[in-house]
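Overview (structure and organization)
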Amino acid sequence: MTNTTQVRILYIEDDPLIGELFKTVVEENGYSVDLAYNGKHGLSLLKKNNYDVLATDYDLPDLTGLEICREVLSKQPNFPIVMVTGKGGEGIAAEALNLGVSNYIQKDSQSTFVKLLPAVISKLVARSRELADHQASEDLFRTMVSVSPTAIHFHQNMKIVFANPAMVKLLGANSEADIIGLSALDLVHSEFKDTITQRILSITKTGKEAGLFEQKYVRHDGTEIDLEAQGTAIKY
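I will try to describe carefully the structure that is included in this document. Here the structure is a predicted model, which means the values were calculated and not measured. (Residues numbered from 1 in each chain as written. Predicted model: local features only at pLDDT ≥ 70, side-chain atom pairs only at ≥ 80, totals over all residues. Heavy atoms only, no water.)

On to unusual backbone geometry. The phi dihedral of N157 falls on the positive side, at around 55°, and the residue is not glycine. By secondary structure assignment, the location of N157 is in the loop between β6 (153–156) and β7 (159–163). Backbone geometry at M158 places phi at a positive 75°, although glycine is not the residue there. Here M158 lies in the loop between β6 and β7. (Helix = DSSP H or I, 4+ residues; strand = E, 2+ residues; numbered from the N terminus.)

Given below as structure tokens:
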């Protein structure tokens, strides 16, 4: 996401007067706006250019706003979209939100709704930046864990959701896919299962890190391996 003055918005609207009014009002707030007067043209512009926000009318001559949103979100699930609906369009708005549309606004006969859009867009831009920053942090963390020589795995609700290459090697698995979805206790030797269960419950309840402790894992080929393990709770 770029700086506010560089944020690019595409508005798909078949009424040129409303489109130009939108462009004028929104650009007064420091954004850059491109207009498309039908759905196919809008989708074409989306493919050719990098936009930060999409605003689209529902009632277009060739496609509906929902069809456009469905197409965009199928490729970019988190893309910020504002759906503009006519009076009585609550059902359409609800369907749009269910598709993953970020927000909607209702048209009025005086076009005063256009004046509300800059605030809506500002919130979408801020939210999009937050998501991008969060994703970047998550990607960095995952990269650091992946290259660690220490065997690491994460589990959620006792199901393993991540295992780094060192863990895959430790267990003698072919790939991470052999481990994902297993219960965290599937890796543990039977004589340690009760102890590990209690430690996991304690970590989950208190959020406190569990120090190093000796236990025994069972590798994919059935052989046993003694190791020292450490556990902690991670919020994300």
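For the rest of this paragraph, the subject is the nonpolar core. Residues I9, Y11, F22, F113 and I121 are the most contacted members of the largest nonpolar core, which totals 22 residues. Those elements giving two or more residues to this core turn out to be β1 (8–12), α1 (16–27), β2 (32–36), β3 (53–57), β4 (81–85) and α5 (113–146). Here this core takes seven residues from α5, the largest share from any one element. Not counting chain neighbours up to four residues away, the residues in contact with F22 comprise I9, Y11, V33, A55, V114, L117 and I121. Judged by nonpolar contacts, the second largest core, of 20 residues, contains L63, I68, I81 and M83. (Core = buried A, V, L, I, M, F, W, Y, C linked by side-chain atoms within 4.5 Å. Buried < 20%, exposed > 50% of the residue type's maximum accessible area, 1.4 Å probe, protein only. Contact = heavy atoms within 4.5 Å.)

Below, the discussion takes up the pairing of β3. Counting buried residues in β3 gives five out of five residues, a clear majority hidden from the surface. Judged by which residues are buried, β3 turns out to be covered on both faces: V53, A55 and D57 on one side and L54 and T56 on the other are all buried. Sheet topology places β1 next to β3; four bridges connect them, and they run parallel. Of the residues in β3, the one forming a bridge with I12 is T56. Bridge count between β3 and β4: four bridges; the pairing is parallel. Its bridge partner lying in β4, D57 is registered against V84. The β-α-β motif built from β3, the intervening helix α3 (residues 65–75) and the parallel element β4 has right-handed crossover chirality. (Pairing = 2+ DSSP bridges. Right-handed = clockwise from strand over helix to strand, strands pointing away.)

Of the pockets and cavities examined, the largest pocket occupies roughly 1,400 Å³. Lining of the largest pocket is provided by 43 residues; of these, H153, F154, H155, T232 and I234 occupy positions nearest its centre. Breaking the lining of the largest pocket down by element, the ones donating at least two residues are α5, β6, β7, α6 (165–171), α7 (193–206), β8 (210–218) and β9 (224–231). A total of eight residues in the lining of the largest pocket trace back to one element, the largest contributor, which is α7. (1 Å grid on protein atoms, 1.4 Å probe; cavity = no way out; pocket = protein on both sides within 12 Å on 5 of 7 lines; lining within 4 Å. Points joined across faces, edges and corners; volume = space filled by probe spheres on them.)

So, on to the pattern of salt bridges. All chains considered together, the criterion is met by nine salt bridges. Between K216 and E224 there is a salt bridge, with the nearest N and O atoms lying 3.7 Å from each other. Via salt bridges that share partners, E13, D57 and K107 belong to a single interconnected network. (Salt bridge = Lys/Arg side-chain N within 4 Å of Asp/Glu carboxyl O.)

Just distances and angles here, no functional claims.
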